[in-house]
Amino acid sequence: MHPSAAMLAVVLLWDSMLSFISAQNAGFVKSPMSETKLTGDTFELYCDVVGNPTPEIQWWYAEINRADSFKQLWDGARKRRVSINTAYGANGVSVLGITRLTLEDSGTYECRASNDPKRNDLRQNPAITWIRAQATILVLQKPKINASDQSILSADTPRKDIFLYCNLTTAHTPHKESFWMKNGLEITNTRTELKNTSYRIFKPRADDSGEYMCVYTFAMAPNANATIEVKAKPDVTGHKRSENKNEGENAMLYCKSVGYPHPTWTWRKMDGTSSMDIDNSTGRFFITVRDNYTELNVLNLDINSDPGVYQCNASNMIGNTAETTILRVRSHLAPLWPFLGVLAEIIILVVIIVVYEKRKRPDDIIDDDEPVITTKTNSTNNHKDKNIRQRNAK
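Residues numbered from 1 in each chain as written. Predicted model: local features only at pLDDT ≥ 70, side-chain atom pairs only at ≥ 80, totals over all residues. Heavy atoms only, no water.

Participant: Could you clarify how one ought to interpret the environment of Ile128 in this entry?
Facilitator: Inspection of the secondary structure puts Ile128 in helix 3 (residues 126–129). Owing to a relative accessible area of 70%, Ile128 belongs among the exposed residues under this scheme. (Helix = DSSP H or I, 4+ residues; strand = E, 2+ residues; numbered from the N terminus. Buried < 20%, exposed > 50% of the residue type's maximum accessible area, 1.4 Å probe, protein only.)

Below is the structure:
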């Protein structure tokens, strides 16, 4: 064999080995799971596939007991109740969702995936070119529950106990028990086997407001529930009365409240009788809101413009309430004030000592330049008088 022909054969063999090594058939990482739902509910099915190249994903549907009549599903089908969201990267991931379920939505849902180059060739057998994963969705008629109307708490009237009621009137399967929930959490000691159930709120306050739900459980069907809203205007239960910071630092003010529905929060800076609304457009003020909680962050405090009274306002359809926080901004020299005070005291003390020394009486000071005058004593004078008498006697 000619050397060039042998080399060409080696190159072709290497290319075929690389394509074999790099190519990977489609496979499921996550498959859709079967579920039982009630009318009016929503379901989502997930499909995660891997392969090289990344496989294409399709969704198909067949009615129950008619597995031979699959039809492809498209985004926006069934009066826009169907949504299909697919993303391709290292894996192919797709989510099928259907809202406002009806009995006709029961059936077999199939996720198909393929990276076969001939997968869309009508002459090919789809059973060979596409891999499949199925899930059965069973939609049952939702039980009928009669529930009491919503309640609104008033801060102006005396607090009276509130009673919430639920009654299971129609169910296609026997129920097991019922219980009450508030804001997604079960209320303890409320489970009962009765179809008629009630919950009493003693002397309700704003923090008793929320979304209450009576839940009925069944042995062969999903749970059924009814929602009762207890509404109240917001009541700010926590905030900073004051905040002291140095210029150039950041300040964080917050407010939290009780009440339902969750409030709409606004921040204002008060200036006497007027106010200025604060938003996130300035680059130094940042407001965050999480249901019954809000924060105002002020960056790089300015000693001239930022000090003042800040107000958080919480409002919902029932009413509104507000609280204020005083923000004080100190100079950069504020940490030096104690040291400067001590230094000033030392300087004043030194000045006092110097002035005192300057003002001493002249008699207390000995001047070396003046001559010393010696005074004669009485004994010397007496001695002289004695000598004079002796000379007279002679």
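Participant: What should I look at first to understand the sheet that holds strand 2 (residues 35–38) in this one?
Facilitator: In any sheet, the strands associate via hydrogen bonds between backbone groups, in a parallel or an antiparallel arrangement. One open sheet holds the 5 strands; their spatial order is 2-9-8-4-5, and the pairing between them is mixed. The open sheet has two free edges, formed respectively by strand 2 and strand 5 (71–72), since each of these has just one partner strand. Bridge count for strand 2 against strand 9 (residues 131–140) is 4 bridges, and the pairing is parallel. Following the sheet pairing, Lys37 is matched in strand 9 by Val139. (Pairing = 2+ DSSP bridges.)

Participant: So what exactly am I meant to see when it comes to the state of the cysteines here?
Facilitator: Throughout this description, disulfide means a covalent bond between two cysteine sulfur atoms. Under the criterion given, the structure shown has 3 disulfides. The disulfide bridge from Cys166 ends at Cys214, spanning 2.0 Å between sulfur atoms. Across the disulfide from Cys166 to Cys214, rotation about the S-S bond amounts to roughly -80°, and the bridge is consequently left-handed. One end of the pair, Cys166, is in strand 12 (residues 162–170); the other, Cys214, is in strand 16 (residues 210–218), and 48 residues separate them in sequence. We note that Cys166, like Cys214, is buried. Disulfide pairing places Cys255 opposite Cys312 at an S-S distance of 2.0 Å. (Disulfide = S-S within 2.5 Å.)

Participant: What exactly am I supposed to notice about the pairing of strand 19 (residues 251–260) here?
Facilitator: When a strand is regular, its side chains alternate between the sheet's two faces. Pairing of strand 17 (residues 224–239) with strand 19 involves 5 bridges; the strand directions are antiparallel. Within the sheet, the bridge partner assigned to Gly238 lies in strand 19 and is Lys256. Of the pairings in the sheet, the one linking strand 19 to strand 23 (residues 293–298) comprises 6 bridges and is antiparallel in character. Bridge pairing in strand 23 links Met252 to Asn297.

Participant: Hey, could you run me through the sheet that holds strand 15 (residues 196–201) in this one?
Facilitator: Read across the sheet, 3 strands follow the order 10-12-15 without closing on themselves; strand pairing throughout is antiparallel. Where the open sheet ends on each side, the last strands, each with one partner, are strand 10 (144–147) and strand 15. Neighbour to neighbour, the strand axes of the sheet diverge by 20° on average, direction disregarded. Bridge count for strand 12 against strand 15 is 6 bridges, and the pairing is antiparallel. Bridge pairing in strand 15 links Leu164 to Tyr199. (Axes fitted to C-alpha atoms, helices over the stretch in contact; angles between N-to-C directions.)

Participant: Before we go on, may I ask you to explain the nonpolar core in this structure?
Facilitator: What tends to happen in soluble globular proteins is that the nonpolar side chains get buried as a cluster. Judged by nonpolar contacts, the single largest core of 21 residues is most densely connected at Ile145, Leu164, Cys166, Trp180, Cys214 and Tyr216. Only strand 12, strand 16 and strand 17 provide two or more residues apiece to this core. Looking at this core, the element that brings in the most residues is strand 17, giving 5 residues. In this view, Ile145 contacts Cys166, Asn167, Leu168, Thr169, Cys214, Tyr216, Ala224, Asn225 and Ala226; residues no more than four positions away in its chain are not counted. The next biggest cluster of nonpolar side chains, apart from the first, holds 19 residues, and it includes Tyr61, Val82, Cys111 and Ile137. (Core = buried A, V, L, I, M, F, W, Y, C linked by side-chain atoms within 4.5 Å. Contact = heavy atoms within 4.5 Å.)

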